[in-house]
Amino acid sequence: MKAQVHPHAIVESSGIGDDTRIWAFVHILENVRIGNNCNICDHCFIESNVTIGNNVTIKSGVYIWSGTVIEDDAFIGPNVVFTNDLRPRSKKKFDLKKITVSKGASIGANSTLLAGVTIGRYAMSGIGSVITRDVKDQELVFGNPARHQGWLDENGEKLLRKGKEWISLSGTRYLETEKGLQRIA
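All of these numbers come straight from a predicted model, not from anything done at the bench. (Residues numbered from 1 in each chain as written. Predicted model: local features only at pLDDT ≥ 70, side-chain atom pairs only at ≥ 80, totals over all residues. Heavy atoms only, no water.)

**Student:** Let's hear about the overall build of the protein chain: which residues, and what values?
**Tutor:** From N to C terminus, the protein chain includes zero helices and 26 strands. The C-alpha radius of gyration computed for the protein chain amounts to 17 Å, which stays within 12% of the reference 16 Å derived for 185 residues, consistent with globular compactness. Viewed in the frame of its principal axes, the protein chain has a C-alpha envelope of about 55 × 45 × 20 Å. Residues classed as buried in the protein chain amount to 43% of the 185 residues present. Of the roughly 10,100 Å² of accessible surface on the protein chain, a fraction of 50% belongs to carbon and sulfur atoms. (Helix = DSSP H or I, 4+ residues; strand = E, 2+ residues; numbered from the N terminus. Rg over C-alpha atoms; globule rule 2.2 N^0.38 Å. Buried < 20%, exposed > 50% of the residue type's maximum accessible area, 1.4 Å probe, protein only. Areas by Shrake-Rupley, 256 points an atom, 1.4 Å probe, with all protein chains shown as cover.)

Structure follows, in structure tokens:
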């Protein structure tokens, strides 16, 4: 089924996937790609040259700036703030720094992401976090600035440490690596 666009939304891009819902007072500029089965809630703005994958939820009051990439299955909470310039000045050329939110990641309500950060696969930030550094795969961060608070499985459940391994409630085992967690047999 084609995308469903609320009559009070402005969609200037033709790159909207099937079964995506775009609600009232959303403005999407041209050259935006949004995948299938996404939900873009009220009062969002998406600037040109943004890529959003499949099955993404973007809650109300989120503005997404040029260069941002949000991969499949990500969740962006209400009023999350994206930035794309480390040293903004009015009427000056800026140095675009893209933000990447990787597959399955969740960004808590009212979090702020510094230009240039990457949020790892299945990572999560708590509400109100100020994310100034990259977040590793499956890492849980929160605070101002956001700091490491633990590890999560792909369902968002906190992992328990057992020796050198991290174990989910279902028994899935992980090893900690430089990039984040790696599932082991």
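Following the structure, the description resumes.
**Student:** Could you give an account of the environment of Lys-164, naming the residues involved and the relevant values?
**Tutor:** Tracing the chain through its elements places Lys-164 in the loop between β23 (160-162) and β24 (165-167). Residue Lys-164 is classed as exposed on the basis of its relative accessible area, which comes to 72%.

**Student:** Go over the packing of aromatic side chains, please, and point to the residues and values.
**Tutor:** Using the criterion set out here, one finds two aromatic pairs in the structure. Ring centres 6.1 Å apart and planes at 70° place the aromatic pair Tyr-63 and Trp-65 in the edge-to-face group. By relative accessible area, which is 26% here, Trp-65 ends up partly exposed. Through a chain of ring-to-ring contacts, three or more aromatic side chains come together here, namely Phe-45, Tyr-63 and Trp-65. (Phe/Tyr/Trp six-rings, centres within 6.5 Å; stacked < 30°, edge-to-face > 60°.)

**Student:** How would you explain the sheet that holds β23 if you had to name every residue and give the values?
**Tutor:** In space, the four strands of this open sheet follow the order β23-β24-β25-β26, with antiparallel pairing throughout. Each edge of the open sheet carries a strand with a single partner, namely β23 and β26 (181-184). Averaged over all pairs of adjacent strands, the angle between their axes in this sheet comes to 40°, without regard to strand direction. In the sheet, strand β25 (residues 173-176) pairs with β26 via four bridges, with the strands oriented antiparallel. What sits directly across from Tyr-174, in β26, is Arg-183. (Pairing = 2+ DSSP bridges. Axes fitted to C-alpha atoms, helices over the stretch in contact; angles between N-to-C directions.)

**Student:** Describe the nonpolar core, and please don't skip the residues or the numbers.
**Tutor:** Core analysis: the biggest nonpolar cluster contains 34 residues, and Ile-52, Ile-58, Ile-70, Phe-82, Val-101, Leu-113 and Ile-119 have the highest contact counts within it. With sequence-adjacent residues up to four places away left out, Ile-58 is seen in contact with Asn-39, Ile-40, Cys-41, Cys-44, Ile-52, Ile-64, Ile-70 and Ile-76. One finds Leu-159, Trp-166, Tyr-174 and Leu-181 within the second-largest nonpolar core, a separate group that totals five residues. (Core = buried A, V, L, I, M, F, W, Y, C linked by side-chain atoms within 4.5 Å. Contact = heavy atoms within 4.5 Å.)

**Student:** Outline the environment of Leu-152, listing residues and values.
**Tutor:** Residue position: Leu-152 is located in the loop between β22 (147-151) and β23. Residues Leu-152 and Tyr-122, 30 residues apart in the sequence, show an inter-C-alpha distance of 7.6 Å. Not counting the four nearest positions on each side in its chain, Leu-152 is found in contact with Tyr-122, Met-124, Gln-138, Glu-139, Leu-140, Glu-157, Lys-158, Leu-159 and Leu-181.

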